[in-house]
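# Observations on the three-dimensional arrangement
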Amino acid sequence: MDVSDLKGKTAVITGAARGLGLSFASALAQAKCNIAVLDIVDAAPEDLLRLGAQHEIRVEYYACDISSKSHAVSTITRVEQDFGRIDINVSAAGVVSDEPFVSTTEQNLERTMAINFNGSFFVAQACAASMIKRIESSQSKLPIDPVTNGGSIIFITSIATHIPSAAQNICAYIASKAAVKGLVKPLAVEMAPYGVRVNSISPGYMMTDMMRGLQERQPDLVRQFQKETLLGGGERIGDPENLLGPLVMICSSKAGGWVTGQDLLVDGGAGSWKHPVASEG
Ligand SMILES: NC(=O)c1ccc[n+]([C@@H]2O[C@H](COP(=O)([O-])OP(=O)(O)OC[C@H]3O[C@@H](n4cnc5c(N)ncnc54)[C@H](O)[C@@H]3O)[C@@H](O)[C@H]2O)c1
C-alpha cells in the first residue's frame with residue numbers, strides 16, 4: 001500500500017494525549033506526517049512529544065477544550081500559522097458515561113453532546129475552512145483531484161452506533177456518536193469539489209485507558225466484550241494497533257483517495273452476529 005503522500009503533510013488529531021488518538025498520531029508519524037494534537041489535558045505526554053525526534057517530523061501539542069467553539073477555532077488558527085497547512089483531521093476526543101436512560105442526567109447529556117458531537121463539529125469545521133483556503137489559493141479550477149490535492153477528515157464513532165451491547169447503558173454516548181456519523185455523508189457531498197474526503201471509523205471494543213476505566217467500575221464488562229468479539233475466540237478485545245491500517249489508508253490520498261462518505265466498522269466481527277447474553281453482576 002502506497003502511503004508516501006503522507007510525508008510532509010499535517011494531521012490535526014483531537015484526543016491524542018492518550019488512547020486511540022495517541023496510537024493514530026504514532027502511525028501517522030511513522031509515515032512522516034507532521035502532527036498537531038488538541039487535547040484537554042494541560043501538558044503533552046512524553047510518548048507524544050518523543051514522536052518528533054523519533055521520526056524527524058514536527059509535533060506540537062495544544063491544550064484545548066474542543067467543546068468551546070472559540071477555543072477550537074483559535075487553536076486551529078494557531079496550528080495553521082505554526083504548520084503552514086492542514087491536510088488531515090482525525091477527531092478521536094470523546095467521553096462516555098454509563099447511565100440508564102430513565103436516570104440519565106442533563107449534565108451527562110450536555111457534556112457528552114458538547115464534547116463528542118459539538119467538539120468534533122467545531123474542529124472539523126475549522127480544519128475544513130483551512131483546507132478550502134489552501135486549495136483555492138493553489139488551484140483556481142474545481143473540482144480538485146482528491147489524489148493530487150485535497151484532504152481527509154475522519155470522525156471516530158463507535159460500534160455502539162451499529163449494535164449496542166446489553167452490558168452498558170450509554171444512550172447519550174451512542175446518540176452523540178450517531179450524530180457524528182450523520183455528518184459524514186452531507187460533508188462528503190459539500191467537500192467533494194475540493195477533493196476533501198470525509199469518512200468515519202467505528203471502532204469495536206478496544207483496550208485503551210477509557211476501556212480500563214470502564215473495566216475498573218464494571219469488572220465483568222470486558223469479559224462480555226470479549227465474548228461478543230468474533231475474532232480471537234472470545235478471549236480478547238481489539239488493540240488500538242488493529243485500527244491503524246484502516247486509519248492510515250483513509251488518511252492517505254494515494255491509498256484511500258477514492259473513499260469518501262463511508263463509515264468503516266473495525267470490530268473483529270463483533271457487529272456481525274447475535275451477541276451472547278450479558279452475564280449478571
Ligand atoms: N476504546 C474503545 O473501545 C472505543 C470504542 C469505540 C469508540 N471509541 C471512541 O474512540 C475515541 C477514543 O477513545 P479512547 O478509548 O482512546 O478514549 P480515551 O478516554 O483513552 O481518550 C480520549 C481523549 O479525549 C480527550 N478529551 C476528553 N474531553 C476533551 C475535550 N473536551 N477537549 C479535548 N480533548 C478531550 C481526553 O483527554 C483523552 O485524551 C473516543 O471518541 C471513543 O468514544 C473508543
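These notes cover the structure that comes with them. (Residues numbered from 1 in each chain as written. Predicted model: local features only at pLDDT ≥ 70, side-chain atom pairs only at ≥ 80, totals over all residues. Heavy atoms only, no water.)

### Re the packing of aromatic side chains
One pass over the full model with this rule turns up three aromatic pairs. Seen in terms of ring centroids, F117 and F121 are 6.0 Å apart; in terms of plane orientation they differ by 50°. Their pairing is tilted. Of this pair, F117 and F121 are both found in helix 4 (residues 106-138), four residues apart, which corresponds to roughly one turn of the helix. Look at F117 and you get buried, because its relative accessible area is 18%. Both rings, one in F121 and one in F122, keep their centres 6.4 Å apart while their planes meet at 85°; by these two values the pair is edge-to-face. (Phe/Tyr/Trp six-rings, centres within 6.5 Å; stacked < 30°, edge-to-face > 60°. Helix = DSSP H or I, 4+ residues; strand = E, 2+ residues; numbered from the N terminus. Buried < 20%, exposed > 50% of the residue type's maximum accessible area, 1.4 Å probe, protein only.)

### What to know about the sheet that holds strand 7 (residues 263-266)
Taken together, seven strands build an open sheet; the order of strands is 3-2-1-4-5-6-7 and the sheet is parallel. Each end of this open sheet is capped by a strand with a single partner; those strands are strand 3 (59-63) and strand 7. Strand-to-strand twist in this sheet, taken as the mean axis angle between neighbours without regard to direction, amounts to 15°. Packing against the sheet, helix 1 (residues 19-30) makes contact with strand 1 (10-14), strand 2 (34-39), strand 4 (88-91), strand 5 (151-156) and strand 6 (196-203), and its axis sits at approximately 170° to strand 1. (Pairing = 2+ DSSP bridges. Axes fitted to C-alpha atoms, helices over the stretch in contact; angles between N-to-C directions. Contact = heavy atoms within 4.5 Å.)

### Brief notes about the pairing of strand 1
Most of strand 1 is tucked away: five of the five residues are buried. Taking every second residue as pointing to the same face, both faces of strand 1 are buried, with T10, V12 and T14 on one and A11 and I13 on the other. Where strand 1 and strand 2 come together, five bridges link them in parallel fashion. Paired with V12 across the bridge in strand 2 is A36. Running through helix 1, the crossover from strand 1 to the neighbouring parallel element strand 2 is right-handed. Relative to strand 4, strand 1 runs parallel, the two sharing four bridges. Residue V12 lies in a different strand from strand 4, and its bridge partner there is N89. (Right-handed = clockwise from strand over helix to strand, strands pointing away.)

### Thoughts on unusual backbone geometry
At the junction of L142 and P143, the peptide bond is cis and its omega measures out at 0° in the coordinates. With respect to the element layout, P143 can be found in the loop between helix 4 and strand 5. Unusually for a residue other than glycine, K32 sits at a positive phi of about 70°. Residue classification places K32 among the partly exposed residues on the basis of a relative accessible area of 30%.

### Notes on helix 8 (residues 244-251)
Helical geometry note: an α-helix holds 3.6 residues per turn, so side chains three or four residues apart project in the same direction. For helix 8, the buried fraction is high: seven of the eight residues fall into the buried class. Considered for burial, the residues of helix 8 that qualify are L244, P246, L247, V248, M249, I250 and C251. Where the residues of helix 8 are buried, they touch helix 1, strand 4, strand 5, strand 6, helix 9 (253-256) and strand 7.

### Describing the packing of helix 4 against helix 5 (residues 171-191)
To describe two helices that pack against each other, one gives the angle between their axes and the distance between the axes. In contact at an axis separation of 8 Å, helix 4 and helix 5 are set at 20° when each is read in the N-to-C sense. When the interaxial angle is binned, helix 4 and helix 5 end up roughly parallel. In terms of crossing hand, the pair formed by helix 4 and helix 5 is right-handed. Across the interface between the two elements, N108, L109, T112, M113, N116, F117, S120, F121, A128 and I132 of helix 4 pack against A172, Y173, S176, K177, A179, V180, L183 and M191 of helix 5. Split into classes, the residues belonging to the contact of helix 4 with helix 5 amount to 12 nonpolar, five polar and one charged. (Parallel < 35°, antiparallel > 145°, perpendicular 65-115°, else oblique. Left-handed = near helix turned anticlockwise from the far one by under 90°. Nonpolar A, V, L, I, M, F, W, Y, C, P; charged D, E, K, R; others polar.)

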